Each structure stands twice: as C-alpha cells, then as structure tokens.
Amino acid sequence: MMLQINSLSQYQDEYRRSIEHPEQFWAEQAEHFEWHRKWHTVLKNDFITPDVRWFEGGRLNITENCLDRHIADKGDKPAIIWEPNDPTGPSISISYRQLLAQVNQCANALRSMGVSKGDRICIYMPMIPQAVVAMLACARVGAVHSIVFAGFSAKSLSDRITDTGCKWVICSDYNRRGAKDIAVKEVVDEALSLEPNLVEKVLVYKHTNKTTCWNPELDVCWQDIVPLMPEKCAPEIMDSEDMLFILYTSGSTGKPKGAVHTIGGYMVFTCFTFINTFQYKNDDIYWCTADIGWITGHSYGVYGPLLAGATTLMFEGVPNYPDAGRFWQIIDKYRVTQFYTAPTAIRSLMASAWDEPDKYKLDSLKVIGSVGEPINEEAWHWYDEKVGRGKVPIVDTWWQTENGGIMITPLPGITDTKPCYASYPLPGVQPVIVNQDGKILEGNDVEGLLCIRFPWPSVVRTTYGDHERCRTTYFAPFPGFYFTGDAARRDSEGRYRIMGRVDDVINVSGHRLGTAEVEDAINSHPEIVESAVVGFPHPIKGQGIYAYVTALHDVEDKEKLIREVLQVVTEQIGAIAKPDKIQFAPQLPKTRSGKIMRRILRKIAEGAPEQIGDTSTLINPECVQDLIDGCEL
Ligand code: WT7
C-alpha cells in the first residue's frame, strides 16, 4: 500500500518533504500503481496559463488499478455492498472479481455500440451498482464519463449533453427514492427532445419492472446486451493526462462549467487521500453517502476506495426513509467502520430525531466524516456525541469539485480536531491566505482569501470547451495561485477554518448553485422582469435561497405566481434550486451603472438590515426601506 501516515511526527515530516520535494513525494506515491509505461516527467508546473501535467508520458488504465490489480489477493473480497432503498429488499455484495467481469461486459457493450477512446458519455443514474459499472466501463474503453445528478431537470441534462457533445446516454428506467419511484427515463427523453439528433444511443438499465416509454431507434436495454458480452475486455491504454471525466459545477457567472479531471494525477491523489483521511485498514467497511452525481461520490464513493482495494457501501435511498434511523441501522447492519456524510444530513437527522442514534450500537465506527459545507458547532457536537459517542474522531474535510480530492482535513487519531475547523492541509497541499491585493498573509491568526500556491496531482485541468474560463475563474484572480472562492482563517495553531464563499455562489445542502443561474431560471418566466438571488442562513440546508423578484404587472395572485416561479426553476435546473423565500420587489437597489447591490439584499435576507451601511451610491436608495418592510423572514 502507498504511504499511510500514522503519527503526528510522521505527518509533520512527510508534509515538509512533500513541500520541499513535491515531485519526488508524488512520484513515490505513483510507483504503487500499475503503469504500462512509466512517466518521463513528474510535473509540468504552469499555474498561470494554466497547463499542469502530472506523470506525463505515463501510460495506464485506471480500471486495471481499481480492479484487475486486486484480483490476485482480493478477488473474492466485496468491492461494493449495495443496500436498497427498501430496507426489506435484498442487499447485494459484488466481489472484485465479479465487478471486473461486469465492467468488462459493459465495456464490451459500449464498444459494440461504437464507443471509442475520447468519446463522451453521459450517465444519469440512481445509486445502484450499475452506475459504478457504467463509470468504470467508460474508463475501461477510454471514454470520458459525464455524470449528471439524477435530480437535475431535463433542461440541465440537455445543456450538459450538448456542452460535452455526448452521443451516448446511460440511464435507468426509474429511480427509487424513499416512498417515491421517479420516472427518470422520461426526463432523459424530454432532454433529448430539446436537442434532437445529438444522441445516438441510450442504454437503459431496467431497475424496476414497471413499463417505461421506449424509442426502439434510440433505446437499448442493458439487460438485453450487457450480460451476453464476454467477461474479458482489453483495456484501452491511456496517457496519464487523458481525460477521465467531466463533472459540471456552478460558478458565480453563466452556466455551470464542466470541470475536467485527467487520469494519472486523479488516481494517485484520490487513493492517497482516501487511505490517509479515513485511516483505511484492510477489513474496513467504508460508507460514503454522497450520490455518484457529485464529486464526493466520484472520488470517495468509487475511485478512492476501489483504488485502495476497499469495500465501499452504496446506499440507494434517503436518510429519512422509512424513518430517521435508516443511516444508523445501516451502520449496525454492515458494521460500518468509516462513515462520510454531509452537514445537511447531520442537521436534518439531528432536528427530526435527536436521540435516534441512541437506539443503535454504532460501535463499529472508527472515523466519521463531514464534507461539502461548513459544519456548524451544534451539529459537530451532536455528531460527535450521538454518532461518535465521544470517542470517534470527526474529519471535517474541505475540498471542491475542482480539487478532485480532499485538501484540508484532520487525520483521525493523529492530529487534533476542533469544531468548525477543517484543520490541516494534507501532504502536497500548500494553502495560503491572501488579502484582496493578493499579498500573502503570513503567520497565524489571520483571515482572508484561500488560495493554493502549488499544483497538486488532481487540480482541475480545464473547463470543458473553454480553457479561458478556467483561467479567469481560478488562476487569473491571483497570478501563480489557484483561487478557491472561499474565505478562510488560520488560527493561532495553524488550523484552517473555512468561512464560506466570497463570490456569488451559494451552498444549499452541500450543493453548489450560482445565483446567476437561479436568476436566469426565474427570469425565464414571462411575468418576471428581473430578479436577484442571495443566500441566507438556513437551519437545515446551511444556506437557503432568497429571491427578490420584480414582476411586469401588479401581482394580483401572489401565491399563483410564486408557484409558477418555483415550477420554472424546477424545470430549468431542478428541485434543489427552488427558492425558499420569494419577495416581490417593485425595484431592486442599483448603482448608477445599473449593477444590483447584492450586499444590501444579502443583509436584508440575513435579517440584519441594521448592517446595510452606506446607500448613497444607489440611484434608488428609497427602495431599501420598502424591501426591509416586505422581507419574508
Ligand atoms: C465548496 C465546494 C468536494 C466536496 C463537496 C462539495 C464548500 C466543501 C467544506 C468544509 C466548509 C466546505 C466550500 C467549497 N465546502 N467542504 N469541510 N467546510 N466548506 O464540492 O460542490 O465543489 O463545493 O463547498 O465553500 O468551495 P463543491
């Protein structure tokens, strides 16, 4: 196994070494994998253009490292344990040997459908093993997967299919979530009708025995072809810097961008960070609750654990079905050793069933993790006491879609933990805090903007089809650094605390949304002239969505228009983007140049109008009081 840090002094030594000799450090980690040809250059370090390349010249296939490599000594070990939505339904255990056979069959099916190296394939699937099989099958044949979270709307799906030029879609017929079955194949059909002629084939896994709409020209039934394929499939040998996947994520402007991750660096970094952050040991049963539609599901549901030869648990359902003890019941059922979830889930279970964990043993847990948004102090303590029973370290892991893997986290049992603190950078990660002018704030007890000053192996390489956007978003703000978009403080002992986004991105239940995106969706309603969206503190979601909207005419039936606005947002983006509060505003506060003053709107939505401050630069300062009076809190 690759380097696993097991003491504080070793962390300090390895951290120092990874900073002083990053190329040597990462080359050593990369040696633990199987390469068809070794790299000639460890790192091309251009953090300006940017043009970062890791292990260039190296040739490999990541699925050989996830699967084939483990067969000799772990062939019969479960790779995936799947727990269905319905607690009375049968669970499934898939060994490494079986998973390899299934991936190969699916890969052969993809090749038979004409897929080859470099093609993009869209995956729109629920949390079932076939979703992992589909991902790895793409990687096996050198195709690039672009997974779209199955809660996104037909319009969002269509936008992503168009942006990546996917000619194949892999989906299910229905998704089971709690008491509901969701007809996702219908969403796919609708997406394809928005942009006809782009997609050549849709591979549909029939997950239920319900009937579904069928288009014989396009649709291929998974069960009709995949199981008939040979169980061996020669992997496509790829370059280290070939694309592995595209994953869309929201920014402060425009449409979501496709973050591009490449094979070699992503492989090394996700495996290294998995082994260390979770202190993974051979017989562990590891469970990450994230959906494969998000980066956490990619890196710590699938790639990290499989690269490490771990058993990864996959859960189809939701935290509160059939009741709020579902997570705790699953932990006891499989004797889960590492549990990784999001603060929003913790807060909602805490709010709905405070003492529920008391009914379970939870004594198998060794590490519990949090990811995706700041975990507030109360939730941290509840997680610590009720789930960890005061003896299991919490890893509050900070990272981003564009980072590929965990960047800042405590190491359980090795470094200390402190509520609200993601704590210390992992080896190879060089965070700096800068002020608005880009000056590095040295020393401790400082607060400012969080940047990373040196490439790590899985830094985003580009945004698909628009490299300039990648440069301007992440690399131009502070030349020579990667800019995270987050504010952070470093405490007196060097621990990092993430303070939240400094741009127009809001984090709703751990999901990133651009305010501009939500505004565009709202504005597509014919009755809306303009809108401004801001985040506000929300007890469960972390941040809620507050929308100020200006209607074209006097609003007679407010309730009806609100329903329609929610509907249009659900259609354009998905239910996750629905505003929690909508306030009708005849005018929005604007500067002389016509810019909406969001700072003011944010303060009103936060319930802190006394902090609004100077409004003299507005052309319409008189509207501010009306907005305060009409606030929907
Ligand atoms: C943004 C990234 C990759 C994780 C899933 C979300 C926020 C993430 C933490 C944390 C405070 C956090 C940041 C970051 N965030 N983890 N432990 N503490 N904030 O990935 O959708 O790319 O969002 O989530 O604001 O920039 P994402």
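Report follows, based on the coordinates. What you see is a predicted model, and the numbers here were worked out from it, not measured in a lab. (Residues numbered from 1 in each chain as written. Predicted model: local features only at pLDDT ≥ 70, side-chain atom pairs only at ≥ 80, totals over all residues. Heavy atoms only, no water.)

1. Here's the deal with the packing of aromatic side chains
Rules: Side-chain rings of Phe, Tyr and Trp, where Trp is taken by its six-membered ring, are said to pair if the distance between their centres is within 6.5 Å; with planes under 30 degrees apart they count as stacked, over 60 as edge-to-face, and otherwise as tilted. Runs of H or I in DSSP of at least four residues are treated as helices and runs of E of at least two as strands, each being numbered from the N terminus. Burial classes follow relative accessibility: with a 1.4 Å probe on protein chains only, a residue under 20% of its type's maximum area counts as buried, one over 50% as exposed, and anything between as partly exposed. Should the NZ of a Lys or the CZ of an Arg lie within 6 Å of a ring centre and within 35 degrees of the ring normal, that charge is described as sitting over the ring.
Applying the stated criterion across every chain yields a total of 41 aromatic pairs. With centroids separated by 5.2 Å and ring planes inclined at 65°, the aromatic side chains of Phe47 and Phe475 adopt a geometry described as edge-to-face. One end of the pair, Phe47, is in the loop between β1 (41-44) and β2 (53-56); the other, Phe475, is in helix α14 (residues 467-475), with 428 residues separating them in the sequence. For Phe47, a relative accessible area of 4% puts it in the buried group. Residue Phe475 is classed as buried on the basis of its relative accessible area of 2%. On the basis of an interplanar angle of 65° and a centroid distance of 5.8 Å, the ring pair of Phe152 and Trp294 is categorised as edge-to-face. Note that Phe152 is positioned in the loop between β7 (144-147) and α6 (154-164) and Trp294 in the loop between β16 (285-288) and α10 (295-307), a separation of 142 residues in sequence. Take Phe152: its relative accessible area is 10%, and that puts it in the buried class. An aromatic cluster is present here, built from Phe274, Phe278, Tyr280, Tyr286, Tyr300, Tyr340 and Trp399 joined pairwise through their rings. Lying over the aromatic face of Phe152, Arg160 brings its terminal NZ or CZ to 4.5 Å of the ring centre.

2. Some points on the site of the ligand
We count it as follows: Only heavy atoms are used to decide nearness, and a residue is near a molecule or strand if one of them lies within 4 Å of it. Pairs of N or O atoms within 3.5 Å make up the polar contacts considered here, provided that, within protein, one atom can donate a hydrogen while the other can accept it, and that residues adjacent in sequence are counted only when both atoms are side-chain atoms. Method for areas: the Shrake-Rupley scheme with a 1.4 Å probe, in which residue coverage is limited to the protein chains shown. Residue polarity is assigned by list, with Asp, Glu, Lys and Arg as charged and Ala, Val, Leu, Ile, Met, Phe, Trp, Tyr, Cys and Pro as nonpolar; anything else, Gly included, falls into the polar class.
Taken together, 17 residues form the shell around the ligand, and within it Asp396, Thr397, Thr401, Asp486 and Arg512 come nearest. Residue Pro374 places a main-chain N or O atom 3.4 Å away from a nitrogen atom belonging to the ligand. About the coverage of the ligand: the protein hides 95% of its 560 Å² of free accessible area. Looking at the shell around the ligand, the elements that each hand over two or more residues are α10, β20 (394-397) and β25 (496-501). Within the shell around the ligand, the residues separate by chemical class into six nonpolar, six polar and five charged.

3. Details of helix α15 (residues 515-523)
Rules: Working rule for contacts: check all heavy atoms of both residues, and any pair within 4.5 Å makes them a contact.
For α15, the tally of buried residues reaches seven of nine residues, placing the bulk of the element in the interior. Turning to α15, its buried residues number three or more, namely Thr515, Ala516, Glu517, Val518, Glu519, Ala521 and Ile522. Looking at the buried residues of α15, the elements they touch are β26 (505-508), β27 (511-514), β28 (528-538), β29 (542-551), α16 (558-572) and α17 (598-605).

4. Examining unusual backbone geometry
Of note, the amide linkage connecting Thr49 to Pro50 takes the cis form, showing an omega dihedral of -15°. The amide bond that connects Tyr321 to the next residue, Pro322, takes the cis arrangement and shows omega of -5°. Summarising the element assignment, Pro322 is placed in the loop between β17 (311-315) and α11 (326-334). Phi angles above zero are rare outside glycine, and Leu362 is one such case at about 55°. As for its placement among the helices and strands, Leu362 is situated in the loop between α12 (343-352) and β19 (367-371). A positive phi angle, close to 55°, is found at Arg389, a residue other than glycine. Mapped onto the secondary structure, Arg389 falls in the loop between α13 (377-387) and β20.

What is shown is where atoms sit, not what they do.
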